[in-house]
Amino acid sequence: MIMSENISIETLLKNPEIETAIADINSETLDRRAFIPQICKVFSNKFISLENQPQYRFPINREAEKQLPDIIYNNVQKLVAGDSDRKDYQSFFLKSRNIGIVFSGGPAPGGHNVIAGIFDAAKEANPESKIFGFILGPEGILENRYVEITKELVDRYRNMGGFTMIKTGRTKIDSPQKMALSRETCQELNLDALVIIGGDDSNTNAAFLAQELKPHGIQVIGIPKTIDGDIQIRTEDGETLCAISFGFHSAARAFAQNISNLCTDASSDLKYWHVCKVMGRVASHLALEVALQTHANLTLIGEDLADYVDNDRLKKAQEKGEIDYTAYGMTLRHLSRLICDAIVKRAAKGKNYGVIVIPEGVLEFINEIQIFIIKLSTIIGQYNQIHDLDFHTAFHSLDAKLEYLRRLFRGITEKQASPIWNARDDELFNDLPSFFQEGLLVERDTHGNFQFSQVNTEKIIMDMVGDYLHILKEKGEYKIGIEDRRFNYIMERANLNPELIGMTIFRNYQKADLEDYKEKGDRKNYSKVHDKTDSIPKDNHRYYLIKKSIISVKTLKQALVNGGVITDDDKVPAPILEIFKKSVPNFKIQSHFYGYDGRGSNPTKFDCNYTYNLGLTAFALIANGATGQMAVIKNLEHDSDRWEPLGVPIARLMHLEERKGKLALVMEKNVVDTNSNAFRIAKAMRDKWLAAEHGEDHYRQPGPVRFQGKSEEDKPLTLVLNSI
Ligand code: FBP
């Protein structure tokens, strides 16, 4: 072997093996670039035309009808083989076009393939066509910053994650001036069409631009993008036209793999609760998919919490002839109690570890917090409207913001006291920890959305959980269960009487075997013991719980003296001390945030195929003169040979929603349907996955994203379950 210090670094770097090992482009990238997505049957035709599908009906929002009159009556359109005999149709389809493309909002795996699909289809129809990519999102349209997309550029990014090719941004085109600038850019570039690849807000932009640009002969097509999975399109009759936005599958797979690794770690080392916040601004689709893929011990679903009714509270009020409205909806306090309950149950079975999944947007579903979010958004929105300076610039520090709120309810700052922020709000708000106050006052994004990703949601919740667990520990309710076999072994080894000690220190110790009583038909003793003993699993593993009154070595000694095990002068025998120490829980958490990592992951095969077909669909819509339509693929839950590309009118998906304190016309988001199969199944499996019982957990290992072979993870499990 030649000692490497004898070789110069320049020579080393020229070594072909070293060059390959450290090259930017590895074989994974080359394989991905070479992958050819499977295309829907209809795209094997040279010409594609559109067929109206009036059977797919949507309600018409009156405001949308007023603001988007030229696109509101669009039909759903199906892509079918084109009429190859009609010359006028052919020449329109094949004409040379200029098409602009823009990414808008957060990245989502698969975006580059949408561009590839549009590029390939447009160039095949007419090699003279030009495709322009606007740089840095909608800002690129406003500033006329673009790059011409070439084959070389497309090939570099085929099947690759991110929006790196042309970047993205969150600028909103929301004023007449911005509309005018956008029109000017499109006209300067002589665009025939503009494709907006974005989420609900970006598709809202697409609808308004389609309306604005229609008289100028410029078409606008939207593409359903977002890892959040909240763009789902169902008709009035419940038919699903778009089951999920692109990027969801890849991000969920990336999160699930990491979280499943944590499940393995937790169940190996047995010392941590891993708390995983998972992206998804409002809807909990990603958390639900992760739950189905990993079987983590506890997954919160925001939409489920919103439906929560505290029946005990309701009943108590009813007994007094009252209605307790606070019993409806979840409070932060109650949520922390539910989590504690799960932790305490597992600890009682010797499992003081586990994995919790918390959706990023869970706070949106907690009544008290949602009220703060709405109130503060309104106050900030109103401030920005009245004043020259933006709220966050005017009040830089948290103290300054709090002072403004205080003055607001006293009527000092503005002309009159705010009807929105009262003394009670101020008092409740001041009770919150400052990092949470800061979180709630965080700047809204350009669309007026609350930026959940910037709030330490898991810290807020887990701090409360930690505090309450501490109380439960003091009360002797949070203990680690001691397995009977282990107890007996320690006692035998030390030559101590397990029966006497067991009866003295445990709250559920019973010598008599339940099964014995059962066999003998001794009902009285059976139910006496049964009530005291936790249900004993068939394999007869019992977990003994130290009595609630024993919470320290002092109280342990007292119990042993009272039970006649030792005298006042004796020390607590070491084996008993050992058992006591094992029963004292130490609650240790590790927090993780899964969001940007999954958003930047490479697309799964599902997303590669899906997005390439979305690109082909967008071109077919353009080549048939459509505008104000969103390209979607129906039947995503089936194999790709059954996929059906459609154009769906965006204007028909709009509704009025509160934004910056005002009602605005936006595309409706879809949150988790608590009546869906996927949710109901995850709910039914909750106890099993919590695994507060003897034996192994029920973790599932989805493994890494695979490009070859078949697996259950080929498509989102949510989709598979919901389609059954
Ligand atoms: P889009 O809706 O634009 O796709 O973005 C989704 C998302 O990834 C959310 O899950 C997350 O809350 C948010 O973006 C984070 O935004 P930012 O990139 O501005 O931090």
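Residues numbered from 1 in each chain as written. Predicted model: local features only at pLDDT ≥ 70, side-chain atom pairs only at ≥ 80, totals over all residues. Heavy atoms only, no water.

Visitor: Looking at this structure, I do not really get the side chain of Asn352. What am I missing?
Guide: Tracing the backbone through its elements, the reader meets Asn352 in the loop between helix H15 (332-348) and strand E12 (354-359). At a separation of 2.7 Å, a polar atom in the side chain of Asn352 contacts the side chain of Tyr478. Separated by 3.1 Å, the side chain of Asn352 and the backbone oxygen of Asn586 make a polar contact. Contact partners of Asn352, with chain neighbours within four places excluded, come to Leu270, Lys271, Trp273, Ala347, Tyr478, Ile480, Pro585 and Asn586. (Helix = DSSP H or I, 4+ residues; strand = E, 2+ residues; numbered from the N terminus. Polar contact = N/O pair within 3.5 Å; in protein donor to acceptor, adjacent residues only side chain to side chain. Contact = heavy atoms within 4.5 Å.)

Visitor: Explain the domain arrangement of the protein here, please?
Guide: A common measure of how large an interface is: the accessible area buried when the components associate. When cut into domains, the protein gives domain 1 (48-247 + 603-656), domain 2 (248-473 + 589-598 + 675-705) and domain 3 (479-583). Carbon and sulfur atoms supply 57% of the area buried between domain 2 and domain 3, which totals about 730 Å² over both sides. Contact with domain 3 buries area across many residues of domain 2, yet Ala348, Lys349 and His694 alone supply 67% of it, more than any other trio. Linking domain 2 with domain 3 are zero salt bridges, by the criterion used here. (Domains from an automatic or database assignment. Buried area = accessible area lost by both parts, 1.4 Å probe. Salt bridge = Lys/Arg side-chain N within 4 Å of Asp/Glu carboxyl O.)

Visitor: Which parts of the structure should I look at to understand the site of the ligand?
Guide: Near the ligand you find 14 residues, and of these Gly106, Arg170, Asp228, Glu360 and Tyr596 are the closest. Here Asp228 contributes a side-chain N or O atom positioned 2.6 Å from an oxygen atom of the ligand. At 3.4 Å from an oxygen atom of the ligand is found a main-chain nitrogen or oxygen belonging to Gly280. When the ligand sits alone it has 480 Å² of accessible area, and the protein chains cover 89% of it. (Near = heavy atom within 4 Å. Areas by Shrake-Rupley, 256 points an atom, 1.4 Å probe, with all protein chains shown as cover.)

Visitor: So what exactly am I meant to see when it comes to the packing of helix H9 (residues 176-188) against helix H10 (residues 200-213) here?
Guide: Between two packed helices, both the angle of their axes relative to each other and the distance between the axes serve to describe the pair. At their nearest, the axes of H9 and H10 sit 11 Å apart, and the two run at 65 degrees to each other. Compared by their axis directions, H9 and H10 come out roughly perpendicular. Our pair here, H9 against H10, has a crossing hand that is right-handed. Residue-level inspection shows Met179, Ser182, Arg183 and Cys186 of H9 in contact with H10, the latter providing Phe208, Leu209, Glu212 and Leu213. Tallied by class, the residues present in the contact of H9 with H10 amount to five nonpolar, one polar and two charged. (Axes fitted to C-alpha atoms, helices over the stretch in contact; angles between N-to-C directions. Parallel < 35°, antiparallel > 145°, perpendicular 65-115°, else oblique. Left-handed = near helix turned anticlockwise from the far one by under 90°. Nonpolar A, V, L, I, M, F, W, Y, C, P; charged D, E, K, R; others polar.)

Visitor: Which parts of the structure should I look at to understand the nonpolar core?
Guide: Considering soluble globular proteins, one finds that nonpolar side chains tend to be buried as a cluster. Counting 125 residues, the largest nonpolar core has Ile99, Leu194, Val195, Ile197, Ile223, Ile233 and Tyr610 as its most contacted members. Sorting elements by how many residues they give to this core places helix H29 (residues 605-623) first, with 11 residues. Residues from two domains meet in this core; each of domain 1 (48-247 + 603-656) and domain 2 (248-473 + 589-598 + 675-705) gives at least three. If sequence neighbours within four positions are ignored, Tyr610 has contacts with Pro224, Cys242, Ile244, Ser245, Phe246, Ile633, Leu636 and Trp643. Core analysis: the next-biggest nonpolar cluster, separate from the first, contains 55 residues, Met330, Ile356, Phe372 and Phe452 among them. (Core = buried A, V, L, I, M, F, W, Y, C linked by side-chain atoms within 4.5 Å. Buried < 20%, exposed > 50% of the residue type's maximum accessible area, 1.4 Å probe, protein only.)

Visitor: How should I be thinking about the sheet that holds strand E10 (residues 273-278) in this particular structure?
Guide: Sheet strands line up and pair through hydrogen bonds in the backbone, either parallel or antiparallel. Spatially, E11-E12-E10-E15 is the arrangement adopted by the four strands of the open sheet, whose pairing is parallel. In this open sheet, the two strands that pair with only one neighbour each are strand E11 (298-299) and strand E15 (589-594). As paired elements, E11 and E12 share two bridges and run parallel to each other. Note on E12: the bridge partner recorded for Thr299 is Val357. Each of E10, E12 and E15 is contacted by helix H11 (residues 248-269), which is oriented at about 170 degrees to E10, the strand it contacts most. (Pairing = 2+ DSSP bridges.)

Visitor: What's the story with the pattern of salt bridges in this structure? I'm lost.
Guide: When charged atoms on two side chains of opposite charge get close, those side chains can pair. For the structure on display, the rule yields 31 salt bridges. In this structure, Glu403 and Arg406 form a salt bridge, with 3.2 Å as the shortest nitrogen-oxygen distance. With Glu403 and Arg406 both in helix H18 (residues 398-410) and three residues apart, the pair spans about one turn of that helix. Taking relative accessible area as the criterion, Glu403 reaches 34% and is therefore assigned partly exposed. The network of salt bridges with common partners includes Asp120, Lys151, Asp155 and Arg158.

Visitor: I would appreciate a short explanation of the environment of Asp269 in the present structure.
Guide: Within the element layout of this structure, Asp269 appears in helix H11. The spatial distance from the C-alpha of Asp269 to the C-alpha of Tyr353 is 8.6 Å, given a sequence separation of 84 residues. One polar contact links Asp269 to Lys271, side chain to side chain, over a distance of 3.0 Å.

Visitor: What am I meant to see in unusual backbone geometry here?
Guide: The general pattern is negative phi for most residues beyond glycine and trans for most peptide bonds. Not every positive phi belongs to a glycine, and Leu136 is a case in point at roughly 65 degrees. Tracing the backbone shows Leu136 in the loop between strand E4 (130-134) and helix H7 (138-142). What makes Leu136 partly exposed here is its relative accessible area of 33%. Even without glycine at this site, Asn144 takes up a positive phi of about 55 degrees. Take Asn144: it is sitting in the loop between H7 and strand E5 (146-148). Given a relative accessible area of 23%, Asn144 falls into the partly exposed group.

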